[in-house]
Amino acid sequence: MSEAELVLRSTRVVTPEGTRAASIAVTGEKITAVLPYDAPVPAGARLEDVGDHVVLPGLVDTHVHVNDPGRTEWEGFWTATRAAAAGGITTLVDMPLNSIPPTTTVENLRTKREVAADKAHIDVGFWGGALPDNVKDLRPLHESGVFGFKAFLSPSGVDEFPHLDQEQLARSLAEIAAFDGLLIVHAEDPHHLAAAPQQGGPKYSHFLASRPRDAEDTAIAGLLAQAKRLGARVHVLHLSSSDALPLIAEARAEGVRVTVETCPHYLTLTAEEVPDGASEFKCCPPIREAANQDLLWQALVDGTIDCVVTDHSPSTADLKTDDFATAWGGIAGLQLSLPAMWTKARERGLGLEDIVRWMSANTARQVGLDGRKGAIAAGHDADFAVLAPDETFTVDPAALQHRNRVTAYAGKTLYGVVKSTWLRGRRVVADGAFTEPKGQLLDRA
């Protein structure tokens, strides 16, 4: 404490041991101690007392489509990381597709890093991609610092990122298992999707029928079987079907190394409330019914689902047509994920410690950053979100920082106002005012 440069003080600090009044001592970019609230402030240290606002560890969002370079009219590192910072997120991991080129070779990763280097307001890491023809590139990408590899089991929506069939999945997974990497998977079975009714048009019920639960369930079952056979590490992306939960629990009991995420939109929005033609609610897999949502929450509480991430996937407004069949499928949620989740969690009697577990500690652990991110503890980066949990606001799209201000949350009143966000000991946004970009590009440890 005697060498501290900054002391951040609050009556409510969420630590791994629980929520308590505390003074957080910071030297350089690191937390050096978490001390009693009334610990003396050393000479020369700056005291920032945030009163009764809650200090959380900065959130870690491991599923973000930044789309930069190549589709920067959809999103970019400057805008995406500003939106993240405004929402209390201090680390994101960028998905390998929707940018051109996709992050599927070391050269393409280098291109991505060069574009991001001077635009990141928060810390940024990168996923690689597993394609039918790039098995030879997987190990070099791993050695270059990507956090793992994304694959689709059904068409991705962009031609430059084709999906894997079962034989291609086995080849890629065997290669990744050989160096104990991580495969993260969009799990929908293309045969079940092809067999589902494809009516198109503005009715959400027709879109929901076109992406049935059994497409997810079948793909997840196949992935788990492959992971068990190969001893591989796999992660199920954006789970929306509660019917797959028993499969996952059984696989874990058998020793399969599988983790699972879901997203705020599956936990806070329901099929019953989606207006016809409102494709700002379109995502794949889709937002399902309220009864399904209840089971997802239960699985979060019991640990079957490990974490909550945004799957932030924006596009230009013109691609969000009123035809659910042809509209771009993706929900932009970086700035609103914390208040959206907190609003629903508090209704269910859950606390901010739960939010931190799902959106910071467990996401950091998933990508191997848990010794550095995801907790207010000595030795960790001094990444914080300062939240007024009892204040509300009504979502105004014009106030959002991401490039295209289309949102499924427009007009909703949410609890939880992010007052400031701190990255490695520096305040990067406070009351809507941003500093210049200070983010670092992260490699897998």
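Cut-offs and rules
Residues numbered from 1 in each chain as written. Predicted model: local features only at pLDDT ≥ 70, side-chain atom pairs only at ≥ 80, totals over all residues. Heavy atoms only, no water. Disulfide = S-S within 2.5 Å. Buried < 20%, exposed > 50% of the residue type's maximum accessible area, 1.4 Å probe, protein only. Helix = DSSP H or I, 4+ residues; strand = E, 2+ residues; numbered from the N terminus. Polar contact = N/O pair within 3.5 Å; in protein donor to acceptor, adjacent residues only side chain to side chain. Contact = heavy atoms within 4.5 Å. Salt bridge = Lys/Arg side-chain N within 4 Å of Asp/Glu carboxyl O. Pairing = 2+ DSSP bridges. Axes fitted to C-alpha atoms, helices over the stretch in contact; angles between N-to-C directions. Core = buried A, V, L, I, M, F, W, Y, C linked by side-chain atoms within 4.5 Å. Arc of directions from axis to C-beta. Right-handed = clockwise from strand over helix to strand, strands pointing away.

Chemist: How should I be thinking about the state of the cysteines in this particular structure?
Modeler: Formally, a disulfide is one covalent bond, and it connects the sulfur atom of one cysteine to the sulfur atom of another. Using the criterion set out here, one finds 0 disulfides in the structure. The thiol sulfur of Cys 283 is not disulfide-bonded, and the nearest other cysteine sulfur, from Cys 284, lies at 6.8 Å. Taking relative accessible area as the criterion, Cys 284 reaches 18% and is therefore assigned buried.

Chemist: What exactly am I supposed to notice about the side chain of Glu 188 here?
Modeler: Mapped onto the secondary structure, Glu 188 falls in the loop between strand 11 (182-186) and helix 5 (190-195). The exposure class of Glu 188 is buried, given its relative accessible area of 0%. In terms of polar contacts, Glu 188 uses its side chain to reach the side chain of His 186, at 2.8 Å. A polar contact is formed between the side chain of Glu 188 and the side chain of Arg 211, at a distance of 2.7 Å. When sequence neighbours within four positions are dropped, the list of residues in contact with Glu 188 reads Leu 153, Ser 154, Leu 193, Arg 211, Ala 215, Glu 216, Ala 219, Cys 284 and Pro 285.

Chemist: What am I meant to see in the pattern of salt bridges here?
Modeler: Should the charged atoms of two oppositely charged side chains come close, the side chains can pair. Enumeration according to the criterion identifies 31 salt bridges in this entry. Asp 123 is the salt-bridge partner of Arg 424, the closest N and O atoms lying 3.0 Å from each other. A residue pair is termed long-range when its members are at least 10 positions apart, and Arg 424 in the loop between strand 16 (413-423) and strand 17 (426-430) and Asp 123 in strand 8 (residues 123-126) qualify at 301 residues. When sorted by exposure, Arg 424 lands in the same class as Asp 123, which is buried. One salt bridge connects Lys 344 with Glu 347, and the closest N-O pair in it is separated by 3.8 Å. Here Glu 347 and Lys 344 lie together in helix 11 (residues 337-347), a separation of 3 residues that amounts to about one turn.

Chemist: Would you take a moment to explain the sheet that holds strand 12 (residues 233-236) for this structure?
Modeler: Working definition: the strands of a sheet are paired by backbone hydrogen bonds and lie parallel or antiparallel to each other. Taking strand neighbours across the sheet as the criterion, the 6 strands line up as 9-10-11-12-13-14 in an open arrangement whose pairing is parallel. Looking at which strands have only one partner, the edges of the open sheet turn out to be strand 9 (128-129) and strand 14 (307-308). The strands that helix 4 (residues 166-178) touches are strand 10 (149-152), strand 11 and strand 12; relative to strand 11, the one it contacts most, it runs at about 150 degrees.

Chemist: What is the right way to look at the nonpolar core in this model?
Modeler: Generally speaking, soluble globular proteins have nonpolar side chains that are buried together. By size, the foremost hydrophobic cluster in this structure holds 99 residues, and its most contacted members are Leu 56, Phe 149, Leu 183, Leu 239, Ile 355 and Trp 358. For Leu 239, the contacting residues outside a window of four places in its chain are Glu 216, Ile 220, Ala 244, Leu 245, Ile 248, Val 260, Glu 261, Thr 262, Tyr 266, Leu 296 and Ile 305. Core analysis: the second largest hydrophobic core is formed by 19 residues, Trp 127, Val 158, Phe 161 and Trp 328 among them.

Chemist: Help me understand the side chain of Ser 154, please; the structure alone is not making it clear to me.
Modeler: Counting through the fold element by element, Ser 154 comes out in the loop between strand 10 and helix 4. Of the residues examined, Ser 154 reaches a relative accessible area of 0% and is grouped as buried. A distance of 3.4 Å separates a polar side-chain atom of Ser 154 from the backbone oxygen of Glu 188.

Chemist: Can you walk me through helix 8 (residues 245-253) in this structure?
Modeler: Within helix 8, the full set of buried residues consists of Leu 245, Ile 248 and Ala 251. Each buried residue of helix 8 sits inside an arc of 130 degrees when the element is viewed along its axis, so together they form one side. Seen from the open side of helix 8, the exposed residues pointing more than 90 degrees away from its buried face are Pro 246 and Ala 253. Buried residues in helix 8 make contact with helix 7 (213-230), strand 13 (257-262) and helix 10 (290-302). Of the residues one or two after helix 8, Gly 255 is the one with positive phi, at around 95 degrees.

Chemist: Quick question: what am I supposed to make of the sheet that holds strand 6 (residues 59-64) here?
Modeler: Ordered in space as 6-7-8, the 3 strands form an open sheet in which the pairing is parallel. The two strands at the open ends of the sheet, each matched to only one other strand, are strand 6 and strand 8. Each neighbouring strand pair of the sheet contributes to a mean axis angle of 20 degrees, computed without reference to strand direction. The sheet contact formed by strand 6 and strand 7 (residues 89-94) spans 4 bridges and is parallel. Bridging across to strand 7, Asp 61 finds its partner in Leu 92. The sheet contacts of helix 1 (residues 77-86) involve strand 7 and strand 8, and relative to strand 7 the element is tilted by about 140 degrees.

Chemist: Whenever I open this one, the pairing of strand 10 confuses me. Can you help?
Modeler: For a regular strand, side chains alternate in direction, first toward one face of the sheet and then toward the other. Side chains of strand 10 alternate between two faces, with Phe 149 and Ala 151 and Lys 150 and Phe 152 buried alike. As judged from the 2 bridges shared by strand 9 and strand 10, these two strands associate in the parallel manner. Across the sheet, Gly 129 pairs through a bridge with Lys 150, a residue of strand 10. In this view, the connection linking strand 9 to its parallel neighbour strand 10 by way of helix 3 (residues 135-143) has right-handed handedness. Summarising the sheet, strand 10 and strand 11 pair through 4 bridges and their orientation is parallel. Within the sheet, the bridge partner assigned to Phe 152 lies in strand 11 and is His 186. Note on the crossover from strand 10 through helix 4 to strand 11: the handedness is right-handed.

Chemist: Would you explain unusual backbone geometry in this entry?
Modeler: Among all residues save glycine, negative phi is the norm, and among peptide bonds the norm is trans. For the bond from Ile 100 to Pro 101, the omega torsion is 10 degrees, close enough to zero to count as cis. For Pro 101, the position within the fold is in the loop between strand 7 and helix 2 (106-116). Cis geometry is adopted by the peptide bond preceding Pro 285, which originates at Cys 284 and carries an omega value of -5 degrees. Note that Pro 285 resides in the loop between helix 9 (264-268) and helix 10. In the Ramachandran plot, Asp 180 falls in the positive-phi region, its phi being about 55 degrees despite a non-glycine side chain. One can find Asp 180 in the loop between helix 4 and strand 11. What makes Asp 180 partly exposed here is its relative accessible area of 39%. Of note, His 238 is a non-glycine position whose phi angle comes to about 30 degrees, a positive value. Among the secondary structure elements, His 238 is positioned in the loop between strand 12 and helix 8. Residue classification places His 238 among the buried positions, given a relative accessible area of 3%.

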